[in-house]
Each structure stands twice: as C-alpha cells, then as structure tokens.
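Secondary and tertiary structure notes
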Amino acid sequence: MQLKTNNLNCITKAFALFLLCGMWSGLTAQEIIDTDAAGDTAQNEEKPLTSGTTFKVDGVAAVVGEYVILESDIQQAIESLKQQKVEGQDLSTCSVMDKLMEDKLYAHHAVIDSVMINEEQVRSYTQQQIDYFINQLGSEEKVLKFYRKEKMSDLKKELLELNRNQELAKAMQQNIVEEIEVTPEEIRSYYKELEEDGLPQFGVELEVSKIQIIPDVPQEEKQKVIDQLNGYRTDILENGSSFATKAVLWSEDESTRGDGGLIRDVDRKSQFVKEFRDVAFSLQEGEVSKPFETEFGYHIIKVEKIRGQKIDLRHILRIPKVTAAAENAAKDEIEKIRKRIEDGEITFAEAAREFSDEKETASDGGIMINPVTQDRMFELKNLPPELYPKVQNLKEGEVSIAFNNPTRTGKTRYEIYTVSDRIEEHEADFAIDYVKIKNFALQAKRIKAIEKWKNEKIAETYIKLNGDYRTCDYSSNWIKQ
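Residue positions within a chain follow its written sequence, with the count starting from 1. Local features in this predicted model are restricted to residues of pLDDT 70 or higher, and side-chain atom pairs are both shown and tallied only at a pLDDT of 80 or more, whereas totals for entire chains, interfaces and linings draw on every residue. Think of the side-chain values as coming from all heavy atoms in the structure, minus any hydrogens and water.

An unreviewed UniProt entry lists the chain under the name Periplasmic chaperone for outer membrane proteins SurA, from Leeuwenhoekiella palythoae.

1. Observations concerning helix α9 (residues 219-239)
Labels follow the DSSP assignment, with helices taken as runs of H or I lasting at least four residues and strands as runs of E lasting at least two, numbered in each case from the N terminus. The span one expects for a helix is its residue count, reduced by one, times 1.5 Å. The end-to-end C-alpha separation of α9 is 29 Å, in line with the 30 Å expected for 21 residues at 1.5 Å each. Listing the buried residues of α9 in full gives Glu221, Val225, Ile226, Leu229, Tyr232 and Ile236. Down the axis of α9, the buried set is contained in an arc of 140°. They therefore lie on one face. Residues of α9 that are exposed and point over 90 degrees away from its buried face: Glu220, Glu238 and Asn239. Those residues of α9 that are buried are in contact with α10 (243-250), β9 (297-307) and β10 (310-318). Positive backbone phi, approximately 75°, marks Gly240, located one or two places after α9. Each residue is placed in one exposure class: buried if its accessible area under a 1.4 Å probe, protein chains only, is under 20% of its type's maximum, exposed if it is over 50%, and partly exposed if it falls in between. Directions drawn from the helix axis to the C-beta atoms are what define this arc. Any two residues whose heavy atoms approach within 4.5 Å at even a single point are treated as in contact.

2. Details of the sheet that holds strand β8 (residues 292-294)
Overall, antiparallel pairing links the 4 strands, which are arranged β7-β10-β9-β8 in an open sheet. This sheet does not close on itself; its edge strands, each paired only once, are β7 (262-266) and β8. Ignoring strand direction, the axes of neighbouring strands in this sheet form an average angle of 45°. Two strands pair when backbone bridges link them, and β7 and β10 are joined in this way by 3 bridges, in the antiparallel orientation. Opposite Val266, over in β10, you have Ile311 as the bridge partner. For two strands to pair, DSSP has to find at least two bridges joining them. Helix axes use the C-alpha atoms of the stretch in contact, all axes being lines fitted to C-alpha atoms, and the angles between their N-to-C directions lie in the range 0 to 180 degrees.

Printed below as a string of structure tokens:
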C-alpha cells in the first residue's frame, strides 16, 4: 500500500494539495507563448508573446505546454506562502517550482480538453481580492503603487487571468477523479492495511442541528427596488441611457459593477441560479429584461452579444432592504422557538421541520451535513470557524443562544443550534467510522489516478526547464530522464 499512514489526516492533506490551485494569490506573469520558439531563443534575446508583450529568456524558469513560468513567479509564490504561514509547507525554490509546473500542466490540458469553469465565480473572487487589497493598504492608489500598476483595470485583468488559470487547473483535476469510486471490498481492504500500521485516533465528534429564521422582506421594499429597476429600464429603452453606466452607479453586485455589470461567456451550463439563466437565454441581442427575482435580489439583464451557445450580458442587481421591525420580529420568533424547546413543549427536530427557513436541513430535523465528508459528524477541532464557538461547549441536547449569521450578501438570519449526538475521542472503528474510512480510501485511490494522469501527460507535453531549475529533485519527471 503506497499511502500507509498512522494519521488519516495525512491523506486529506495530500489530496488537498492536488486540488489547491490557489495556494498563492500574488501576481504572476503567466503568458501563453509560441512553444516551438521558446526553447531556441538566444540568451537575452527578446521574444514576442502571443499577447503582444515580450520577455527575456534569462527571466524564464520553465515552459509547460503553452505556459511560461518566470523566475519572478517563483519568488512571488514563495512570498505569498510565507505571508499565509502554511503549516508544514516546503518553501524551497525547487518545491514551489514543482507545484507551479503541476498547475500549468493541469491548466494546459484543461484548455485542450475544453474544460468549463465558472467565469462569474472567477470574476467575483477577483473583485474580493481587490477589495481585500484596498482594505489592507488603505486606498486604490496604494494598491496600484504596491503592485506597480498604472490603472486598477490592469491589475484586475492580470488577477483575472491568474485566477482563471487556477480554476482551469482545479477543474482539470476534478475531471480526472470525478468518476472514481471505491467498492465495499476496497474499503475493507484499506481498513485492514490501516490495522497493520496501527489504527489512527479520531477526536471528539459532534452531530449538530440548527434552526434558521430569516426576516421577511416587506412587500413595499420589494416594490421599491422593482420600481427602481423599471425606471432604469425605461430610461435605457426610451431615452438611450447607457445600461453600463446605470450598472456602475446603481448595481449592488460588487463583482461586476466596476465593469458596467458585464458578464462574458455565459452558457446554459454556467453556474448561475436557474432564474437568471432562464431570463438571460430568453432575450434577443440588445433586449433588456423586465425586473425578475433570484435568491440574491432583483435584476434586469441586457444581452450584449450572442455567440453561438454563449452570450455576453450586463446586469443590474438591487437588493430589497430588511427593516428593523422585520429583523426584530425574526429574532423574537426564534427566541420563542428556543423557549418552547427548552420547556419540553416541542423537540428541536420537530421545531426545525415546522419552523426553520433552511429547507436543506429542515426536512431532516435540522441536522447539518459535513461538506467535507458528507457525513453527519463534525470533528470538533475541524468545525468551521463560524460554527465552532457556537457549539463547542454545548452538552448533548442543550440549545444554544440565538445568533445572527449573516449571508454573504449581508442579509440577517437568526440561528440556534443543538448537539444531537456526541462521540468522544476514539480509535478508528470500521462500523462507527465507515463513512470517514470510505472517504479516505476514495481519496487514496484518486491520488493514485492523478499521479498516473500526471505522469502520462508529462511524457506527451512540451516541457523545458532552464538553468539551475534542471538540477532540482522534483517529485515528478519534469526533466524526462
């Protein structure tokens, strides 16, 4: 067995390394190049990239497929990892170079295989990065100075390209492993091999249930944003006003507002909510929709360009405001529910089924599912940071106080929690821990599949390393010896 361990967390961390394409958020100079010419360029000779820029060959550390890795990319990645203080991460030049080449290999073949990624998510994450930079440094001017950029659009463009390549790499890895499963016999065999090495210890585990109450948005607030959107639409259609300008001024979607609400390359498989996709693909080129509702708020859409199965569009988002009265009513409701549970009038599970606004958990009596293991149990030390302080000291059956757990858009939602089951620290047991053992066996199998794919693709992909980078002891056969 290649992946024996006395601690199953080692396998989790190993698998995470394969799926972690965004380890460093520093800017890199990734460019697509003419690979036929890259290896033959003379020392210090400048060679045009397909983007129209130039590079000096003494700044190129490696070429993987159509991607260049510059020496500065390696240093920026190391500095970013240092800032993130990644525990146990090897920050040597050779180790970071190994990971960068691996990412480029995935991205290169993702393009070849036409792997799809969520462009909206990439743009949203990029905007979050920029907002974070501004918050940390104090102003856009300081951010531009720090990253040596003249315009924020230049920084955003470079970050978008970096994040797009990272998403391509991650999507490629997921494609490799998505159909891999493990049989009951493989799980049992994996467990027996663990027994030979000494079974690992699992920490305290909790089964957590919750009830969520979301304040009602008053109808007058909904009508207010509908009227606003209808006003924008009328001004655009009847007076020739610019949709993009309206979006910059009024849209509450921060990820697209700076680009005038523009979202490119939308297709029917894009990961937008169904209501958004349905409206977008019902419109003709140049048409502006009427206001419509999604879970994020109310929108209007204009289709800018139809290109076969894809469209470019602009949208404006307005979010109805929740009144203080509605928030107070929701808080009062959850406090009453909590008291009824504590008085024994109703069980937590019954209350969740009857009153909880979170439909995903309500039908199961409020029981939460661990998103990592897809099991009901959460290891106490690995609880999500926002959940840990709310349940860490709860005894089994005890109900927490009410918390406000805002959504990603800042909407209020009140929640109460209970620990519906608790398992103390114990040695791995096949019956009790079957789901976790199955997941670790699956991860081990997927790691082997990724290694096999990587070795095959390295053999058939153009790869060139320069200078001292050829002397590194890599985990993969990048030098093709």
